[in-house]
Amino acid sequence: MKKSLLTLLAASVASSGAFALTLEVQRFGGDLPTPAGYHDVAAGINPDLVVRVSEEPFVDYLIPSNSGTAGIIAQKAGGLFIASSTVNSFGGANNLINPDRYQVVFEWEDGTPLPLASDFYGVSWSGWSNTEVANLTTRVNLATDAAVTVFHWFNDGWNYASGGHTVLTGHVLSIRHYNAAGTEIDSISAVLPSGGAESIFGDHRQFYSAIITATRANEGDYLIITNEGGNIGYKGTAVAIMDSGPTDPKGPGVFEDYDVENGWVDTGDWLGWVYVEHYPWVFNNSLQNWMYAAVDGWFYVVRPTPPAQ
C-alpha cells in the first residue's frame with residue numbers, strides 16, 4: 001500500500017426514511033482527494049476534467065454567472081428537474097484564479113449561452129457577516145421514477161472557528177424531500193466546518209461537492225436544498241440519471257479479485273489505485289478524479305466521457 005494515499009474526508013450520511021435519500025459532502029483537506037468536479041485551473045483548463053453538462057448522464061443543470069451582475073446565467077433548455085435557485089441577497093460574482101485556483105469548469109450546448117466563452121467557471125456569492133445568515137435555496141423536481149443524483153457545488157469563505165459567527169457553528173446544508181402536497185417525507189442535513197485546507201488556499205475557505213441521491217415515492221415529489229452560511233458561494237447544480245451498480249465494492253464483476261486495504265485496491269493495469277470506501281463512488285488515483293460504478297464493471301467519470309472498462 002502506498003503510504004502517501006490518504007482516506008477520503010467526507011460527511012457521508014443517509015436518512016432513516018424509506019425513500020433512499022442520501023448525502024455525501026466532499027471537501028478539500030491536506031492531501032485528500034480533490035472533491036468531485038474540481039480541478040486546478042492555475043495553469044489552464046484541463047479539457048479532460050471539464051464537466052460537460054449537456055452529455056449523459058446529466059439531464060439538467062443550473063449555472064451562476066461569474067462576472068458582472070450576480071445570479072443565474074445558464075439553464076438547460078426544457079430541463080425538467082431544476083426548478084429554481086434563489087438567495088436572500090447576492091453580493092457579487094467572480095472567476096478568480098488566485099487564491100480560488102480550484103474550480104468546477106462547465107461546458108454546455110443546450111442552454112442559455114454565456115457572453116464570455118464556451119468554457120466556464122466561477123461563482124456568484126452572497127453574505128459576508130458574522131451576525132447575519134445568507135441563504136441559498138434550490139428546488140429539484142424528481143421528474144422520473146429512476147434514482148436521481150444531484151451534484152451541488154458551493155463554497156464558504158467564512159471562518160466559523162472559535163465563535164467566529166454569532167449564529168452558526170459551520171455551513172449548514174439541508175436537503176428535504178417533499179410530496180406534491182408540500183408535506184415533508186424525508187430530510188437530511190450536515191454542518192460543515194471551515195478550515196482544513198490552509199495549505200491549498202492559504203486560509204480557512206472551503207470548497208464543497210455535495211452528492212445527493214433520491215428516489216420519488218409518487219409523481220410531484222421534489223427536493224429543497226438549503227445552504228446557510230455567513231458566506232455562500234454558489235458554483236452550480238447538475239442532475240444526473242445513472243445506472244445502479246453492485247452494492248458491495250467486492251461484488252460480482254468489479255473488485256472481487258483484489259484485496260481491499262484501508263479502503264484502497266491496486267487494480268494494476270486496469271484502473272490503478274482506486275479508493276472504494278464510498279462505493280459506488282470510487283476515487284481513481286491516476287485520474288485524480290471520482291468515478292461512479294455503473295453496471296457490469298463500467299464507470300462514469302465526473303466529466304462524462306464514454307465510460308471506460
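Quick summary incoming for the structure in this document. Please read all numbers here as calculations on a predicted model, not as lab measurements.

Further remarks concern the sheet that holds strand β12 (residues 134-141). Spatial ordering of the open sheet is given by β7-β12-β17-β14-β15, a layout of five strands whose pairing is antiparallel. One side of each edge strand has no neighbouring strand; the edge strands of this open sheet are β7 (82-87) and β15 (184-192). Within the sheet, the average angular offset between the axes of one strand and its neighbour, ignoring direction, is 10°. Two strands pair when backbone bridges link them, and strand β14 (residues 171-178) and strand β17 (residues 222-229) are joined in this way by seven bridges, in the antiparallel orientation. The partner of Leu173 across the bridge, within β17, is Asn227.

In this section: the pairing of strand β21 (residues 281-284). The alternating pattern of β21 places Trp281 and Phe283 on one face and Val282 and Asn284 on the opposite face, and all of these are buried. Alignment of strand β20 (residues 273-275) against β21, held across two bridges, turns out to be antiparallel. What sits directly across from Val274, in β21, is Asn284. One ladder, built from four bridges, connects β21 with strand β22 (residues 289-293); its direction is antiparallel. Across the sheet, residue Asn284 finds its bridge partner in β22, namely Asn289. Count of turn residues in the β21/β22 antiparallel hairpin: four residues, of which Gln288 carries a positive phi of about 55°.

With that settled, consider the packing of aromatic side chains. Under the definition given, this model contains 18 aromatic pairs. Judged by centre distance (6.2 Å) and plane angle (40°), the ring pair of Tyr61 and Trp108 falls under tilted. Of this pair, Tyr61 sits in strand β5 (residues 58-64) while Trp108 is found in the loop between β10 (106-107) and β11 (123-126), placing the two residues 47 residues apart along the sequence. Judged by its relative accessible area of 0%, Tyr61 falls in the buried class. Residue class for Trp108 comes out buried when judged on its relative accessible area of 9%. The interplanar angle of 55° and the centroid separation of 5.1 Å between the aromatic rings of Trp264 and Tyr275 together place this pair among those described as tilted. Residue Trp264 is located in strand β19 (residues 264-266), and its partner Tyr275 is located in strand β20; the two are separated by eleven residues in the primary sequence. Accessibility expressed as a relative area gives 2% for Trp264, which makes it buried. Classification of Tyr275 by relative accessible area gives buried; the value is 4%. In textbook terms, an aromatic cluster arises when at least three aromatic residues are bridged by ring pairs, as seen for Phe28, Tyr38, Tyr102, Phe201 and Phe207. Over the ring of Tyr222 we find Arg139, and its NZ or CZ is 3.7 Å from the ring centre.

What counts, and at which threshold
Residues numbered from 1 in each chain as written. Predicted model: local features only at pLDDT ≥ 70, side-chain atom pairs only at ≥ 80, totals over all residues. Heavy atoms only, no water. Pairing = 2+ DSSP bridges. Helix = DSSP H or I, 4+ residues; strand = E, 2+ residues; numbered from the N terminus. Axes fitted to C-alpha atoms, helices over the stretch in contact; angles between N-to-C directions. Buried < 20%, exposed > 50% of the residue type's maximum accessible area, 1.4 Å probe, protein only. Phe/Tyr/Trp six-rings, centres within 6.5 Å; stacked < 30°, edge-to-face > 60°. Lys NZ or Arg CZ within 6 Å of the ring centre and 35° of its normal.

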